[in-house]
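Single-letter residue listing:
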Amino acid sequence: MHQLLRQIPAIHELQQDQRFVQLLETSHVSKAKLTEWLQEAVAHVRKELLAGECSDENDPSRISNTIFQRLIERLSYHSTYKLRRVINGTGTVLHTNLGRARLSDRAIKQVMETAYSYSNLEYNLSEGKRGSRHELIEELVKEMTGAEAAMVVNNNAAAVYLVLKAFANGKNVIVSRGELVEIGGSFRVSSIMEESGAELIEVGTTNKTHFYDYENALTEDTAMIMKVHTSNFKIIGFTKEVSIAELQPLAQRHNVLLYEDLGSGALYDLRKDGIGDEPTVSEALKKGADLVTFSGDKLLGGPQAGIIAGKKKWIDRLKKHQLARVLRVDKMTLAALEATLKEYANEETVRETIPTLKAVLLTKEEIQSRIETFLHDLSPSWHRKIKHDVSQVGGGTMPEVTLDTSLLLLSNSNYTAQSLHNQLRQKEPAVVTRIIDDQIALDFRTIEEHEFADLHRCLKEFE
Ligand SMILES: *Cc1c(COP(=O)(O)O)cnc(C)c1O
């Protein structure tokens, strides 16, 4: 055994090896780091020898081959990004697991520019003194929503938390039982409420809540009436909810805050295109909400962010709250959000420039024509079928809405659908598909033409 271990070359010898020299030249890794991984590789091979797992005992060159093989694997593990590009073949536009909204060209450009340079993030250029990052996009949010004031935090969950913490800590918040939602398994209105120190006062029942339920629950301890837009589920049938417009006079009379968590928060009215029933942010504010909160990366189609909009008196207090500093967004988010919001100044072009809206608005025929273009360059070895189906908006948004789509179903004789589905996920870029009737299914609602070449390349390996 000792004899065997003695055949492992010394580290300094391995460092002289042409393979090490070459790896050092071609990788972006320091000599110290590469040597550390070399030592790890040696230790591993030593362990294998001791365990009798190496069969090529008496061949020193085989031993060093194994060491370098391991070193290369380690290096390639290091060089591939953990956060990687994905081709989304699911058709779900706002896929929470796949990063929700993709940004507009303008937003991407603005992020790059802001990352590349210094910026006036907290510097007032006209006065030459310290400025506030809130001001950078406040005017735009006001413009697009009709709000008196606005601010931005990390995500909508943070926005909800900040509003509750700032205005209802130690006090009561009245919420309808029909609106106590859980979103994505990690955000529960009741839990966030508890965390904020506010006491949840549930009123009504799951399917019906009446005006008098709110009225009867109001006490001296009530700080707020909260409405939650139940965007990720729908109660149908015998239902009753009380609107913001109805609650407004009640809240005013009792001097309590009327707050609506809109979740998705649309700025573009998809109802005009016959899609869903999502109220716009300006509508919610017009109906009398003092404050609303919504996500930046759901229907808005921007970066992850939480936008708080409403009455100036409340927003001013939020901006000064200690937590505002904790939950603040970085310059790249603000850059992307500003560029995204600007697109909404044109009702027509926004349907094209915001990828989320574009994908939601794609017709079945447009998707079919994408498939036809894609099929031009697909090898005949693939069995193909086009199937009528539906795609989802996703992101907990408009659950009852199904968007007509065409799926491309692919299979070939070399691989099972399950194996294709699994292996495509390991490609660069990763391809996420579904399986339908022993075929992989690609919904081209979420696959754009600029991704075709990569998708073809990934599929080619299985022909
Ligand atoms: C999605 C959603 C949230 C959480 O928003 P994030 O931006 O994911 O933090 C909160 N409330 C409602 C109603 C939602 O739909």
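Note that this is a predicted model, so its numbers are computed, not measured.

1. Structural notes on the UniProt feature "modified residue: N6-(pyridoxal phosphate)lysine" (unreviewed entry) in the protein chain
Feature annotation in UniProt places "modified residue: N6-(pyridoxal phosphate)lysine" (unreviewed entry) on Lys298, given in this structure's numbering. Relative to the assigned elements, Lys298 resides in the loop between strand S11 (291–295) and strand S12 (306–310).

2. Some thoughts on the site of the ligand
If you check the shell around the ligand, you find 13 residues, and the closest are Arg100, Ala157, Asp261, Ser295 and Lys298. At 2.9 Å from an oxygen atom of the ligand is found a main-chain nitrogen or oxygen belonging to Ala157. Measuring from an oxygen atom of the ligand, one finds a side-chain N or O atom of Lys298 at 2.8 Å. Within the complex, 94% of the 380 Å² of free accessible area of the ligand lies under protein.

3. Here we look at the packing of aromatic side chains
A full pass over the atoms with the stated rule returns 5 aromatic pairs. A centroid spacing of 5.3 Å and a plane angle of 80° characterise the contact between Phe374 and Phe452, whose relative ring orientation is edge-to-face. On the criterion of sequence distance, the pair formed by Phe374 in helix H18 (residues 364–376) and Phe452 in helix H20 (residues 452–460) is long-range, its members being 78 residues apart. By relative accessible area, Phe374 is classed as buried at 0%. Residue Phe452 is classed as buried on the basis of its relative accessible area of 6%. With a centroid separation of 5.2 Å and 85° between ring planes, the pair formed by Tyr415 and Phe462 is classed as edge-to-face. Taken together, the positions of Tyr415 in the loop between strand S14 (403–411) and helix H19 (417–424) and Phe462 in the segment after H20 put the pair 47 residues apart, joining distant regions of the chain. By relative accessible area, Tyr415 is classed as partly exposed at 29%. Site record: aromatic cluster; members linked through ring pairs are Phe374, Phe444 and Phe452. Taking NZ or CZ as reference, Lys82 lies 4.2 Å from the ring centre of Tyr77, over its face. Over the aromatic face of Tyr268 sits the side chain of Lys272, whose NZ or CZ is 5.3 Å from the ring centroid.

4. As for the nonpolar core
Counting 56 residues, the largest nonpolar core has Ile225, Leu270, Val292 and Tyr344 as the members making the most contacts within it. The two domains that each donate at least three residues to this core are domain 2 (86–95 + 358–460) and domain 3 (105–349). Ranked by size, the runner-up nonpolar core spans 35 residues in total, among them Ala149, Val160, Tyr161 and Ala324.

5. Digging into the layout of surface pockets
In this model, the largest pocket occupies a volume close to 1,200 Å³. In terms of lining residues, the largest pocket is bounded by 38 residues, among which Leu98, Arg100, Ala101, Arg102 and Leu103 are the most central. Residue assignment for the lining of the largest pocket shows that the elements contributing at least two residues are strand S1 (86–88), helix H6 (105–116), helix H16 (350–353) and helix H17 (355–361). Ranked by residue count, the leading element in the lining of the largest pocket is H17, at 4 residues. Both domain 2 (86–95 + 358–460) and domain 3 (105–349) contribute no fewer than three residues apiece to the lining of the largest pocket.

6. Considerations on unusual backbone geometry
With omega at 0°, the peptide bond leading from Glu428 into Pro429 counts as cis. Within the secondary structure layout, Pro429 lies in the loop between H19 and strand S15 (430–432). Even without being glycine, Asn255 reaches a positive phi, approximately 55°. Following the sequence through the fold, Asn255 ends up in the loop between helix H11 (244–253) and strand S10 (257–263).

7. A few points about the sheet that holds strand S13 (residues 383–391)
Spatial strand order, S13-S14-S17-S16: 4 strands in an open sheet with antiparallel pairing. Both edges of this open sheet fall to S13 and strand S16 (434–436), since each of them pairs with a single strand only. Pairs of neighbouring strands in the sheet enclose a mean axial angle of 40°, with direction left out of account. Bridge count for S16 against strand S17 (residues 439–443) is 3 bridges, and the pairing is antiparallel. Pairing of Ile435 across the sheet is with Ile440, part of S17.

8. Details of the environment of Gly301
Along the polypeptide, Gly301 turns up in the loop between S11 and S12. When the C-alpha positions of Gly301 and Gly91 are compared, they lie 16 Å apart, and in sequence the two are 210 residues distant. When near neighbours in sequence (up to four residues on either side) are disregarded, Gly301 contacts Ala101, Arg102, Leu103, Gly296, Thr340, Ile354 and Thr356.

Cut-offs and rules
Residues numbered from 1 in each chain as written. Predicted model: local features only at pLDDT ≥ 70, side-chain atom pairs only at ≥ 80, totals over all residues. Heavy atoms only, no water. UniProt positions renumbered as here; feature names shortened; annotations may be inferred. Helix = DSSP H or I, 4+ residues; strand = E, 2+ residues; numbered from the N terminus. Near = heavy atom within 4 Å. Polar contact = N/O pair within 3.5 Å; in protein donor to acceptor, adjacent residues only side chain to side chain. Areas by Shrake-Rupley, 256 points an atom, 1.4 Å probe, with all protein chains shown as cover. Phe/Tyr/Trp six-rings, centres within 6.5 Å; stacked < 30°, edge-to-face > 60°. Buried < 20%, exposed > 50% of the residue type's maximum accessible area, 1.4 Å probe, protein only. Lys NZ or Arg CZ within 6 Å of the ring centre and 35° of its normal. Core = buried A, V, L, I, M, F, W, Y, C linked by side-chain atoms within 4.5 Å. Domains from an automatic or database assignment. 1 Å grid on protein atoms, 1.4 Å probe; cavity = no way out; pocket = protein on both sides within 12 Å on 5 of 7 lines; lining within 4 Å. Points joined across faces, edges and corners; volume = space filled by probe spheres on them. Pairing = 2+ DSSP bridges. Axes fitted to C-alpha atoms, helices over the stretch in contact; angles between N-to-C directions. Contact = heavy atoms within 4.5 Å.

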